[in-house]
Amino acid sequence: MNQKQYDVIVIGAGAAGMMCAIEAGYRGLNVLLLDHAPKPGAKIRISGGGKCNFTNRNVEPKHFICSNPHFVKSALARYQPDAFIERVERHAIAYEERDKGQLFTLDGAGQLVAMFRTELDWAGVELQLNCFVSNVQKGSDQWQLITSNGSLQSQKLVVATGGLSYPKLRASDFGMQLAQQFGLAVMPSRPGLVPLVMPARQQAWWSELSGLSLRVIASTARGPEFDGAMLITHQGLSGPSILQASNYWFAGEAIRLNLLPQIKGIAGWLQELKQQAQPLSTVLKQYWPKRFVQAWQDKFGFDDDLANYSQIRLDALAEQLTAWSLYPEDTAGYAKAEVSLGGVATDEVSSKTMESLKVPGLYFIGEVLDVTGHLGGFNFQWAWASAHACAQSL
Ligand code: FDA
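Residues numbered from 1 in each chain as written. Predicted model: local features only at pLDDT ≥ 70, side-chain atom pairs only at ≥ 80, totals over all residues. Heavy atoms only, no water.

**Focus: the domain arrangement of the protein**
How big an interface is tends to be stated in terms of the accessible area lost upon association of its parts. Spelled out, the test is: These domain limits were set by an automatic method or by a database of domain assignments. In this analysis, two residues are considered to be in contact whenever any of their non-hydrogen atoms come within 4.5 Å of each other. Reported buried area values correspond to the accessible surface (1.4 Å probe) lost by two parts on association, with both partners' losses combined. Under the scheme used here, helices are H or I runs from DSSP no shorter than 4 residues and strands are E runs no shorter than 2 residues, and both carry numbers assigned from the N terminus. Side-chain classes follow a simple rule in which Ala, Val, Leu, Ile, Met, Phe, Trp, Tyr, Cys and Pro form the nonpolar group, Asp, Glu, Lys and Arg form the charged group, and the remainder, Gly included, forms the polar group.
With domains assigned, the protein is organised as domain 1 (3-190 + 339-393) and domain 2 (196-331). Computed over C-alpha atoms, the centres of domain 1 and domain 2 are 39 Å apart. Counting residues at the interface gives nine residues for domain 1 and eleven residues for domain 2. A buried area of about 720 Å², summed over both sides, lies between domain 1 and domain 2, and 48% of it is on carbon and sulfur atoms. Looking only at domain 1, the three residues that lose the most surface to domain 2 are R190, H374 and L375, adding up to 66% of its buried area. Counting residues per element, the ones that place at least two in the side of domain 1 that touches domain 2 are β19 (339-344) and β21 (372-373). Per-class residue counts for the side of domain 1 that touches domain 2 are four nonpolar, three polar and two charged.

**Here's the deal with the UniProt feature "domain: RsdA/BaiN/AoA(So)-like Rossmann fold-like" (unreviewed entry) in the protein**
Stated formally: UniProt positions are given in the numbering used here, feature names are shortened, and annotations may be inferred rather than shown by experiment.
In the numbering used here, UniProt assigns the feature "domain: RsdA/BaiN/AoA(So)-like Rossmann fold-like" (unreviewed entry) to residues 7-392. Between the end C-alpha atoms of residues 7-392 there is a gap of 14 Å, over a span that is 31% helix and 24% strand.

**A word on the environment of A185**
The cut-off we apply is this: For every residue, the accessible area obtained with a 1.4 Å probe (protein chains only) is divided by the maximum for its type, and the residue is called buried under 20%, exposed over 50%, and partly exposed between those limits.
With respect to the element layout, A185 can be found in the loop between α6 (174-181) and β11 (186-192). By relative accessible area, A185 is classed as partly exposed at 32%. For A185 and V344, which are 159 residues apart along the polypeptide, the C-alpha to C-alpha distance reads 6.3 Å. Leaving out residues up to four positions away in the same chain, A185 has contacts with V344, A345 and E348.

**Observations concerning the layout of surface pockets**
Selection rule: Here a cavity denotes grid points, spaced 1 Å and computed from the protein atoms alone, that fit a 1.4 Å probe unable to get out, and a pocket denotes an open set having protein on both sides within 12 Å along at least 5 of 7 lines; residues with an atom within 4 Å of a point are the lining. Grid points are joined across faces, edges and corners, and a volume is the space filled by probe spheres set on the points.
Roughly 410 Å³ of volume is contained in the second largest pocket. When residues of the lining of the second largest pocket are traced back to their parent elements, those giving at least two are β14 (226-232) and α8 (240-246). The dominant element in the lining of the second largest pocket, judged by the number of residues it contributes, is β14, at four residues. Partitioned by chemical class, the residues of the lining of the second largest pocket number six nonpolar, nine polar and four charged.

**Observations concerning the pattern of salt bridges**
Note the threshold: Within this document, salt bridges are pairs made up of a side-chain nitrogen of Lys or Arg and a carboxyl oxygen of Asp or Glu, the two lying within 4 Å of each other.
This model, assessed by the stated rule, comprises ten salt bridges. Between R90 and E86 there is a salt bridge whose closest N-O contact spans 3.1 Å. With R90 and E86 both in helix α4 (residues 81-90), this residue pair falls four residues apart, about one helical turn. On the basis of relative accessibility, which here comes to 49%, the residue R90 falls in the partly exposed class. E86 gets classed as partly exposed once you look at its relative accessible area, which sits at 39%. Ionic pairing is found between E348 and K358, a salt bridge with its closest N-O pair at 3.4 Å. Of this pair, E348 sits in the loop between β19 and β20 (362-364) while K358 sits in the loop between β19 and β20, and the two are ten residues apart along the sequence.

**Considerations on the site of the ligand**
This is how it is decided: What makes a residue near a molecule or strand is one non-hydrogen atom of that residue sitting within 4 Å of it. Polar contacts, as used here, are pairs of N or O atoms within 3.5 Å; protein pairs need one atom able to donate a hydrogen and one able to accept it. Residues neighboring in sequence count only if both atoms are side-chain atoms.
What surrounds the ligand is a group of 31 residues, the closest being A16, D35, S172, E367 and F380. At 2.8 Å, a backbone N or O of A16 approaches an oxygen atom of the ligand. Between the ligand and H36 there is a distance of 3.3 Å, counted from a nitrogen atom to a backbone nitrogen or oxygen. Among the elements of the structure, α1 (15-26), α2 (42-46) and α13 (378-393) are those that each provide at least two residues to the shell around the ligand. Considering every element that reaches the shell around the ligand, the biggest residue donor is α13, with four residues. The residue inventory of the shell around the ligand, partitioned by class, reads 14 nonpolar, twelve polar and five charged.

**Considering the sheet that holds strand β3 (residues 53-56)**
Where we set the bar: Here, a strand pair is defined by DSSP locating no fewer than two bridges between the strands. To get an axis, a line is fitted to the C-alpha atoms, and for a helix only the part in contact is used. The angle between two axes follows their N-to-C directions and goes from 0 to 180 degrees.
With respect to topology, three strands assemble into an open sheet ordered β3-β6-β5, the strand pairing being antiparallel. A strand with exactly one partner marks an edge of an open sheet, and here the two such strands are β3 and β5 (95-97). Here the strands of the sheet are splayed against their neighbours by 25° on average, with no regard to which way each runs. With three bridges joining them, β5 and strand β6 (residues 102-105) adopt antiparallel strand pairing. Paired with E96 across the bridge in β6 is F104.

So, in structure tokens, the structure goes:
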């Protein structure tokens, strides 16, 4: 049986775990990176439609949700997007910038995983895959792990087991359970960056329109407004603006849609249309897919001739167009969520080193922490930055 001894064991060979193991290896530490999955970096591979939105040119603390909003500042400041971009360029990986500073690989996310595998070798990190951890104990000056590959010991233990989204990619609550085993607080988890499901009685209406996309501003009572595409699905709503707003949505609450973000001053705009005697549906077709205009007209039974509208009706129409409140029944769950909100409470973790304040030698990085980024490469940037901060202190 394996009885090996390491300076550091990193559990979870995803985005954060690989980054941390590499940086710790470069610092001359004897590092084991282990994962229960057969391959490292499964989420990197499928992310961004297979192209991985690996960072964003404009990363600020406001792009993250965390019970303690100051927590992310130090790590993000010390490992900025340029540092990761430089790494990608050093490996000659072609990339492109899309809308809102989002950076994607051009030839596939597999290249990023290959980059990490190369650097794991350069850094002398030992990688054990298909390795299952059944028990973790802290001795007087050692961590002791019982695994399917034998008993392992280390000075430091880094937990990088991610969140609960995409269980088919071997996501697990291992990190949260371990935190609880050592008496650390864990914030309740829920799916984030996730499509929203409309109540069953409305699904026929949405289903008829599935596949259509239009630009909206989506918001909830608790979060910022998100301007971007909304995609109609068989069950309800998806697309970037909805995924973003889903992070701030709670069951029973409304999601508010401005269906005409292009129009500034809707009341004046409707008045103008009324004076010009323009049929409303003709104008809406400039902004919405034709089928959506028809379905919306049928649903609300609106009159195409604005000359027939009193001021009160015009105001109500303005409200329907720019503040349409919908009440989703649920989210599409972890199976469809890009991230999970919640995780190991940051109040009990050092924002500079990611070390537990209560349990010396125990570190948490990446999504297992109660830190969730907006859509746009922010979650990977958090994985890189938290891993880097941790590795410098090991
Ligand atoms: P990550 O999930 O990457 O890694 C955790 C690792 O721990 C996995 O390898 C897992 O097998 C392992 N593990 C779990 N339990 C274990 C156990 N008990 N024992 C051993 N190993 C265990 N973000 C972004 O910024 N841009 C994007 O384009 C996308 N796109 C995207 C698409 C989809 C479909 C998903 C599901 C997610 C994204 N994300 C994203 C989010 C991003 O993938 C995510 O935030 C990071 O991968 C988190 O990195 P971590 O290293 O923390 O966890």
